[in-house]
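Residues per chain are reported as follows:
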Amino acid sequence: MHDAILYLIQNENRSVNVIQYLTKVHKKSGNTITNGIQNAIIHAWRVSSIEDLTTHYTAIVNYETGIPTPMEFIYYYADKIKKII
């Protein structure tokens, strides 16, 4: 996730899809990259308190799963960090 967020912050034009970028950098399949990000999000939602989640993640959450998709999560934090810097 770190690499994906950093890529989006540093590349305003986003000519290359973030998952495509990560597959080239880490030499893994797109499915492996996406599943890794999704598993990290699932873990964070499982171990974090609801108060922390609602404080630090204010974007839309998938109403069926209760967690954000990998792209929603990555773009949310990339945009949030851009506003800070």
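Look up a bit, the structure's there.
Residues numbered from 1 in each chain as written. Predicted model: local features only at pLDDT ≥ 70, side-chain atom pairs only at ≥ 80, totals over all residues. Heavy atoms only, no water.

> Any chance you could explain the overall build of the protein here in plain terms?
Along the backbone of the protein there are five helices and zero strands. If you line up the protein on its principal axes, its C-alpha atoms span 35 × 30 × 20 Å. Of all 85 residues assigned to the protein, the portion counted as buried reaches 27%. Excluding contacts between residues fewer than 6 apart, the proportion of contacts in the protein whose partners are at least 24 apart in sequence is 48%. With the model as given, the accessible surface of the protein reaches about 5800 Å², and the carbon-plus-sulfur share is 56%. Of the charged side chains in the protein, 8 are positive and 7 negative; the average position of the first set lies 10 Å away from that of the second. (Helix = DSSP H or I, 4+ residues; strand = E, 2+ residues; numbered from the N terminus. Buried < 20%, exposed > 50% of the residue type's maximum accessible area, 1.4 Å probe, protein only. Contact = heavy atoms within 4.5 Å. Areas by Shrake-Rupley, 256 points an atom, 1.4 Å probe, with all protein chains shown as cover. Lys, Arg positive; Asp, Glu negative; His and termini not counted. Charge placed at Lys NZ, Arg CZ, Asp CG, Glu CD.)

> What's the story with helix 1 (residues 2-10) in this structure? I'm lost.
Note on helix geometry: an α-helix contains 3.6 residues per turn, so any two residues three or four positions apart are oriented the same way. Listing the buried residues of helix 1 in full gives Ala4, Ile5, Tyr7, Leu8 and Ile9. For helix 1, the elements touching its buried residues are helix 2 (18-26) and helix 5 (70-84).

> What's the story with the nonpolar core in this structure? I'm lost.
Membership of the largest hydrophobic core comes to 20 residues, with the highest contact counts inside it found for Ile37 and Trp45. Going through the elements one at a time, helix 1, helix 2, helix 3 (30-47) and helix 5 are the ones with two or more residues in this core. Trp45 has contacts with Leu53, Tyr57, Gly66, Ile67, Pro68 and Phe73, leaving out every residue within four places of it along the chain. (Core = buried A, V, L, I, M, F, W, Y, C linked by side-chain atoms within 4.5 Å.)

> Looking at this structure, how should I read the packing of aromatic side chains?
Any pair of aromatic rings gets described here by the distance separating the centres and the angle formed by the planes. In the structure shown here, the tally under the stated rule is eight aromatic pairs. With centroids separated by 5.0 Å and ring planes inclined at 55°, the aromatic side chains of Phe73 and Tyr77 adopt a geometry described as tilted. Taken together, the positions of Phe73 and Tyr77, both in helix 5 and four residues apart, correspond to about one turn of that helix. (Phe/Tyr/Trp six-rings, centres within 6.5 Å; stacked < 30°, edge-to-face > 60°.)

> Looking at this structure, I do not really get the environment of Tyr75. What am I missing?
Looking at the element boundaries, Tyr75 is found in helix 5. The sequence separation of Tyr75 and Ala4 amounts to 71 residues, and the corresponding C-alpha distance is 8.9 Å.

> Help me out: how do you make sense of unusual backbone geometry in this one?
Where the residue is not glycine, phi is negative for most of them; where a peptide bond is considered, it is trans in most cases. The phi angle at Lys27 is positive, at roughly 50°, despite the residue not being glycine. Accessibility expressed as a relative area gives 71% for Lys27, which makes it exposed.

> I tried to follow a nonpolar patch on the surface on my own but got confused; where do I start?
Among the surface-exposed residues, Ile81, Ile84 and Ile85 lie close enough to one another that they form a single nonpolar patch of about 340 Å² accessible area. With respect to the helices, strands and loops of the structure, Ile81 is situated in helix 5. Residue class for Ile81 comes out partly exposed when judged on its relative accessible area of 33%. (Patch = residues over 30% accessible without salt bridge, like charges linked within 9 Å, V, L, I, M, F, W, Y side chains within 5 Å. Salt bridge = Lys/Arg side-chain N within 4 Å of Asp/Glu carboxyl O.)

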